[in-house]
Amino acid sequence: MLFMKKPIHFFDPLLVCVLLLLIISGLIYFEILINNNYNFVYTLDDAYIHMAMAKNFASAGVWGITPFEFTSSSSSIIWTLMLSGFYFVIGPNQYVPIILNFIFALLVLDASYRLLKARNLNNPAILLILFLVILISPLPPLMFTGLEHVMHIWLSVLYLFFVSEELSSGLKRNDLIVLAVISALMPLTRYESLFLIFITFLLFLISGKYFRGIVLLLASIMPVIIFGLISVAKGWSFFPNSMLLKAGMPDIASIPDLFKFVSFVGAFVPKGLQVLFFIVCIALTISIFYFRERVKKLLCNRDITLAILLLSNIALYSLYSRSGWTYRYQSFLIALGILVISMFYYSYIFLNFKKRPLLNSVITLIILVPLLYFSRSSSKLIAAIPQSSSNIYEQQVQMGKFVSLFYNGRNVALNDIGAVNYFSEIHCVDLWGLGNLEASKMRRSGTFGEKEIYDLTANNKADIAIVYDSWFIEEGSSVLPPAWKKAGEWKINNNIIASDNRISFYAVKPDEEPRLIENLKRFSGLLPATVVQTGKYLNN
C-alpha cells in the first residue's frame, strides 16, 4: 500500500496539527459570530451559489440557481452534488460546507502525514511541513469560503503520489481502483485538474502502460463529457458558465465550436510564436518517443516523476489560467509544492549535507525566501477572514433577506446571485451571466449595453434590480436603462471582499417604484447599524 498504516500516538505531528487547525478555526468562527450578530456567514457569495443549487436539486430535482429551470452555474459538479445529498437528508443547512471543509482539511493533513512518514522523515520535520501546509496553503481561509478548494487539495495530493508510485514501481489492483476513482472525482471538483490528468496520460504512454493510461483518462473525462452533454441537451454550453465568463472560453455545442476551442487553446501562445511553439512541441514529442527507453528509466525514479508532474502542472496552469494568481485557485499547487519540495530537501540536502552546516544553511535560506513571501500573504488572508465574512453579511446576506421578505416568487434582476437565491425563491434575471445563458453570450460577445439590458429584463419581466452601478459603466457612462428608477443605496464600510462597497436598488417597472420605496423603508430598521443607507426611500 502507498500509505503506511501506523498508529497515531498522543504527541504525533498529525495530532498537534489537528489541534492547531481546530484552535485557529474555532477562534475565527467565534469572531465571525460576534461580528455578525451571531450569524455565521461565509467569506464569498460564491458559496451560496453552490448552496442555492444544492437546495434546488435536493428539493425540486432542478440543477439550477432557481428551482424553476436548469442553469449551468457551478464549475464544481461534485461539490454541489455533495451538498445536495446532505440537503436531501437534513434539509438546507448553511453549516454543511464548513463542516465538510474541516473534514477535508483533516484528510489533507492525514494524507500528507502518511506520505511523509512513508518517506522516513522524522517527526520534527513532519511537524514543520504540516504547519506550512496549514498556514501557507492556507487551509483556514479556504475552509471559510465554503467552496470546494480544500477537497481539491486532498484529491490532488492523493493523485500526484498514487500516479508517481504507479509509474515508478506499480500499484496493487485495489490501489489502482482508488486511483481511477480519484481520477474521476478530480475534474468534477475543479476542471483545471484536466491539466494534471493530461500530463499523466502522456507519462503513461511513454512508460508503455497504455491500457492503464487509457483507463485513467477515460475515468477522468467521461464524467465531464456526460455532464457537458446533459448541459448541451438543456440548451446550455458544454462547460459551465463560470468557466466561459472567467476564462473567456468558447462554447462547445457543435463541431464548429470544437474548432473554436482548439483555436482558443492555441491563443495563449504569444503572437508570432505559434508556429515555432507547435514545431517545438512536435520535436519534443518525437524526441521523447525516440529516447523512450531512457525516459522510461527516468520515470522509474519516483522523485523524478513527482518533479515532472508538479512542474508541468504549474507550467500548464500558468499558461492557460486567466484568473490571475488568486489564492483559492492556486492553493492546491502551493500545497503540492510544499510537500514535494520538502521531501526533496530532506532527502537530498538535509541528510547529505549534515556535515557541511554552512552550505546546508545557505540552501535552506534560498528555499525559505519564497516561503516567507507566501507566509506574509497567507497571514493577511487568515487575519482578513472575519472582516470578509462581515462584508458578505452586511451586503449579500441582507440583500437575500430583503428579497425573501418582500419579493419571494417575483422576478428580480441581480449581478450577485448567490445569497439572494439561497435565502429566497425568485425568478432570477442574472445580469452577469452565471445563471442566464443569454446574458452570458452577450457579455462574452461584448454586446451587453443599455438596449440589451433593457430587453433582457423586460423579456424576463423583472420587477426590481439590485446591482453594483460600477459593473455597468462603459466609456465613463452608465449602461443601465434610464427608464429604471433608483430608490436607494446601501454602502458597507471596511470592504475587503465585496466587488463594490455600494449596491443600488432600482424599480425596473415604473409602477414598481412606490412599492420598492416602501419596502426599503420597512427593511431599513432591520439592517445592521454599520450599513450606510441613502436614497429616495429615506426622504419619503
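Residues numbered from 1 in each chain as written. Predicted model: local features only at pLDDT ≥ 70, side-chain atom pairs only at ≥ 80, totals over all residues. Heavy atoms only, no water.

J.: So, the layout of surface pockets: which residues are in play, and what are the values?
T.: Taken as a whole, the second largest pocket encloses approximately 680 Å³ of empty space. The wall of the second largest pocket is formed by 26 residues, among which Ile338, Ile341, Ser342, Ile367 and Leu371 lie closest to the centre. Sorting the residues of the lining of the second largest pocket by element identifies helix H5 (123-136), helix H15 (302-320), helix H16 (327-350) and helix H17 (357-406) as the ones contributing at least two each. Ranked by residues supplied to the lining of the second largest pocket, first place goes to H16 with nine residues. Grouping the constituent residues of the lining of the second largest pocket by class yields 22 nonpolar, four polar and no charged. (1 Å grid on protein atoms, 1.4 Å probe; cavity = no way out; pocket = protein on both sides within 12 Å on 5 of 7 lines; lining within 4 Å. Points joined across faces, edges and corners; volume = space filled by probe spheres on them. Helix = DSSP H or I, 4+ residues; strand = E, 2+ residues; numbered from the N terminus. Nonpolar A, V, L, I, M, F, W, Y, C, P; charged D, E, K, R; others polar.)

J.: Go over the sheet that holds strand S6 (residues 485-491) with me, naming the residues and quoting the values.
T.: With mixed pairing, six strands are arranged side by side in an open sheet as S2-S1-S3-S7-S6-S8. Two strands close off the open sheet at either side, each with one partner strand: strand S2 (427-430) and strand S8 (532-534). Ignoring strand direction, the axes of neighbouring strands in this sheet form an average angle of 20°. As judged from the three bridges shared by strand S1 (residues 411-414) and strand S3 (residues 464-467), these two strands associate in the parallel manner. Paired with Val412 across the bridge in S3 is Ile464. Relative to S6, helix H21 (residues 513-523) is tilted by about 20°, and along the sheet it contacts S3, S6 and strand S7 (502-507). (Pairing = 2+ DSSP bridges. Axes fitted to C-alpha atoms, helices over the stretch in contact; angles between N-to-C directions. Contact = heavy atoms within 4.5 Å.)

J.: Would you mind going over unusual backbone geometry in detail, with residue names and values included?
T.: With an omega of -15°, the peptide bond running from Ser137 to Pro138 counts as cis. Positioned with a positive phi, Asn37 is a non-glycine residue whose angle comes to about 55°. Relative to the helices and strands, Asn37 resides in the loop between helix H1 (13-35) and helix H2 (46-60). Here Asn120, not a glycine, exhibits a phi torsion of approximately 65°, which is positive. By secondary structure assignment, the location of Asn120 is in the loop between helix H4 (96-118) and H5. Using a relative accessible area of 61% as the deciding quantity, one classes Asn120 as exposed. (Buried < 20%, exposed > 50% of the residue type's maximum accessible area, 1.4 Å probe, protein only.)

J.: Any details on the nonpolar core? Residues and values, ideally.
T.: Buried together is how nonpolar side chains tend to be arranged in soluble globular proteins. In terms of nonpolar packing, the biggest core is built from 141 residues, with Phe402 and Trp490 touching the most fellow members. Take this core: its biggest share by element is 13 residues, from helix H7 (residues 149-168). When sequence neighbours within four positions are dropped, the list of residues in contact with Phe402 reads Tyr407, Ile464, Ile466, Trp490, Phe505, Leu516, Asn519, Leu520 and Phe523. Counting 17 residues, the second largest nonpolar core, distinct from the first, contains Val429, Phe472, Leu480 and Trp484. (Core = buried A, V, L, I, M, F, W, Y, C linked by side-chain atoms within 4.5 Å.)

J.: Tell me about the packing of aromatic side chains, and name the residues and values.
T.: Aromatic ring pairs: the centre-centre distance and the angle between the two ring planes describe each pair. Taken as a whole and judged by the stated rule, the model has 28 aromatic pairs. Considering the side-chain rings of Phe70 and Trp236, the 6.4 Å spacing of their centres and the 75° angle between planes classify their relative orientation as edge-to-face. Here the residue Phe70 occupies a position in the loop between H2 and helix H3 (77-90), and Trp236 occupies one in the loop between helix H10 (210-233) and helix H11 (241-247), the gap between them amounting to 166 residues. On the basis of relative accessibility, which here comes to 14%, the residue Phe70 falls in the buried class. Each residue in the set Tyr29, Phe30, Phe40, Tyr42, Tyr48, Tyr95, Phe144, Tyr422 and Phe423 is aromatic and connected to the rest through ring pairs, giving one cluster. (Phe/Tyr/Trp six-rings, centres within 6.5 Å; stacked < 30°, edge-to-face > 60°.)

J.: Tell me what's going on with the pattern of salt bridges, and back it up with residues and numbers.
T.: Summed over all chains, the structure comprises 17 salt bridges. Salt-bridge contacts for Glu166 lead to Lys209; the nearest nitrogen and oxygen are separated by 3.1 Å. Note that Glu166 is positioned in helix H7 and Lys209 in the loop between helix H9 (193-206) and H10, a separation of 43 residues in sequence. Among the ionic contacts, a cluster of salt bridges with common partners joins Arg410, Asp463, Lys509, Glu512 and Arg515. (Salt bridge = Lys/Arg side-chain N within 4 Å of Asp/Glu carboxyl O.)

J.: Describe the side chain of Ser331, naming the residues involved and giving the relevant values.
T.: Assignment of secondary structure puts Ser331 in helix H16. For Ser331, a relative accessible area of 1% puts it in the buried group. Among the polar contacts listed, one links the side chain of Ser331 to the backbone oxygen of Arg328, at a separation of 3.4 Å. (Polar contact = N/O pair within 3.5 Å; in protein donor to acceptor, adjacent residues only side chain to side chain.)

J.: An account of the packing of H7 against H9 is needed here, citing residue identities and associated values.
T.: With their axes 11 Å apart at the nearest point, H7 and H9 run at an angle of 5° to one another. Taken together, the axis directions place H7 and H9 in an arrangement best described as roughly parallel. Note on element contacts: H9 touches H7 through Ser193, Leu196, Ile197, Thr200, Leu203 and Phe204, opposite His152, Tyr159, Leu160, Val163, Glu166 and Leu167. For the contact of H7 with H9, a count of residues per class yields eight nonpolar, three polar and one charged. (Parallel < 35°, antiparallel > 145°, perpendicular 65-115°, else oblique.)

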